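# A look at the structure
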Amino acid sequence: MELQALPSRIGQVRRIVSAQLRYWHLDPLIDRAALGVTELLTNVHQHAEPDKVCTVEIELLLDRLTVSVRDHDPRLPEVRDADASATCGRGLAMVAAMSESWGVRPDGESGKVVWFTLAAPSPAVTLPPCPPYGAVTEAPVRGAPLGAVG
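Residues numbered from 1 in each chain as written. Predicted model: local features only at pLDDT ≥ 70, side-chain atom pairs only at ≥ 80, totals over all residues. Heavy atoms only, no water.

## Things to note about the pattern of salt bridges
Once the charged atoms of two side chains with opposite charge are near each other, the side chains can pair. What counts, and what does not: Here a salt bridge means any side-chain nitrogen of Lys or Arg lying within 4 Å of a carboxyl oxygen belonging to Asp or Glu. Three labels apply to residues, based on accessible area from a 1.4 Å probe with only protein chains included: buried if under 20% of the type maximum, exposed if over 50%, partly exposed otherwise in between.
Under the counting rule described, the total for this entry stands at 6 salt bridges. Between arginine 64 and aspartate 63 there is a salt bridge, with the nearest N and O atoms lying 3.6 Å from each other. Note on arginine 64: relative accessible area 25%, which makes it partly exposed. Through salt bridges that share partners, Glu57, Arg70 and Asp107 make up one connected network.

## Things to note about the nonpolar core
Note the cut-off: The definition of a nonpolar core used throughout is a set of buried Ala, Val, Leu, Ile, Met, Phe, Trp, Tyr and Cys residues joined through side-chain atoms within 4.5 Å. Starting at the N terminus, helices and strands are each numbered in turn, a helix being any DSSP run of H or I of at least four residues and a strand any DSSP run of E of at least two. By definition, residues are in contact when any of their heavy atoms lie within 4.5 Å.
By size, the foremost hydrophobic cluster in this structure holds 28 residues, and its most contacted members are Leu21, Val37, Leu41, Leu65 and Val69. Elements with a minimum of two residues in this core: helix H1 (7–23), helix H2 (30–47), strand S2 (53–61), strand S3 (64–71), helix H3 (91–98) and strand S5 (112–119). Examining the composition of this core, we find that 6 residues originate from one element, H2, more than from any other. Dropping the residues within four chain positions of it, leucine 41 is found in contact with Ala5, Ile10, Val13, Cys54, Val56 and Val69.

## Let's talk about the pairing of S5
Basically, it comes down to this: Pairing between strands is defined by DSSP: at least two bridges between them are needed.
Extensive coverage of S5 is indicated by the burial of 6 of its 8 residues. Of the pairings in the sheet, the one linking strand S4 (residues 101–106) to S5 comprises 6 bridges and is antiparallel in character. Pairing of glycine 103 across the sheet is with tryptophan 115, part of S5. Turn length for the S4-S5 hairpin, with the two strands adjacent in sequence and antiparallel, is 5 residues, and the turn residue glycine 108 shows positive phi of about 70°.

## Focus on H2
For clarity, the threshold we go by: To estimate how far a helix should extend, the number of its residues minus one is multiplied by 1.5 Å.
Over its 18 residues, H2 runs 26 Å from end to end, which matches the ideal 26 Å to within 8%, given 1.5 Å per residue. Of all the residues in H2, the buried ones are Ile30, Ala33, Ala34, Gly36, Val37, Thr38, Glu39, Leu40, Leu41 and Val44. Residues of H2 that are buried sit in contact with H1, S2, S3, H3 and S5.

## Here we look at unusual backbone geometry
Residue proline 50 is bonded to the preceding glutamate 49 through a cis peptide linkage, with omega at 10°. Inspection of the secondary structure assignment puts proline 50 in the loop between H2 and S2. Phi is positive for histidine 25, which is not a glycine, with a value near 60°. Mapped onto the secondary structure, histidine 25 falls in the loop between H1 and H2. Among the residues examined, histidine 25 registers a relative accessible area of 52% and is labelled exposed.

## Focus: the confidence of the model for the chain
Basically, it comes down to this: pLDDT is a per-residue confidence score from the predictor, ranging from 0 to 100.
On average, residues of the chain carry a pLDDT of 81, and 73% of them reach 70 or more. Mean pLDDT values for the elements of the chain range from 81 in strand S1 (residues 2–4) up to 95 in S5. Per-residue pLDDT stays below 50 along residues 135–150; that stretch engages in 8 contacts with residues further than four places along the chain or on separate chains.

## Re the sheet that holds S2
Convention followed: Helix axes are fitted to C-alpha atoms over the stretch in contact, other axes to C-alpha atoms as well, and angles between N-to-C directions run from 0 to 180 degrees.
Spatially, the 5 strands line up as an open sheet ordered S1-S2-S3-S5-S4, and their pairing is antiparallel. The open sheet has two free edges, formed respectively by S1 and S4, since each of these has just one partner strand. Across the sheet, the mean angle separating the axes of adjacent strands is 20° when strand polarity is ignored. Set on the sheet, H3 makes contact with S4 and S5; between it and S5 the angle comes to about 35°.

## So, the packing of H2 against H3
Relative orientation and spacing of two packed helices are given, respectively, by the angle between their axes and the distance between those axes. Rules: Any angle that is under 35 degrees is reported as roughly parallel, and any over 145 degrees as roughly antiparallel; angles of 65 to 115 degrees are reported as roughly perpendicular and all others as oblique. Here is the rule for handedness: rotate from the far helix to the near one, and if that takes an anticlockwise turn smaller than a right angle the crossing is left-handed, while a clockwise turn gives right-handed. Polar here means any residue other than Ala, Val, Leu, Ile, Met, Phe, Trp, Tyr, Cys and Pro, which are nonpolar, and Asp, Glu, Lys and Arg, which are charged; Gly is therefore polar.
Axis separation between H2 and H3 bottoms out at 9 Å; the angle between their running directions is 155°. Relative to H3, H2 is oriented roughly antiparallel. In terms of crossing hand, the pair formed by H2 and H3 is left-handed. Of H3, the residues touching H2 (which contributes Arg32, Leu35, Gly36, Glu39, Leu40 and Asn43) are Gly91, Leu92, Met94, Val95 and Met98. Residue composition of the contact of H2 with H3, by class: 6 nonpolar, 3 polar and 2 charged.

In structure tokens:
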């Protein structure tokens, strides 16, 4: 989803991410994913130039949830050494501490993507069982040998 990283929108994005994770039956990840996306969007709001437009993506592949935020500022963020009681400057350190992995990569000549991953409990979404390879998936034709399909 594309949005302006404004304080009024960050709460909306948290609710959207939370709803999607509930839909995927990933309730145990909601708090950490919401915290991480809040920190990344706050960084865009406070630091990104020339604008505050960004794109938030969440992706579930196998047992890994990836949350990423893309903006139009090519400057790469750095983790700061901030005191535990500091009121700012701890966002990326918090993302690093609560995620399985995180990183940043340039996105073209004028932007970057900051992302983090969380381990997803398996299976995240219950899928219907697949029939074994070579199994009959259609009803056999009356009078045909077992395994033959009409």
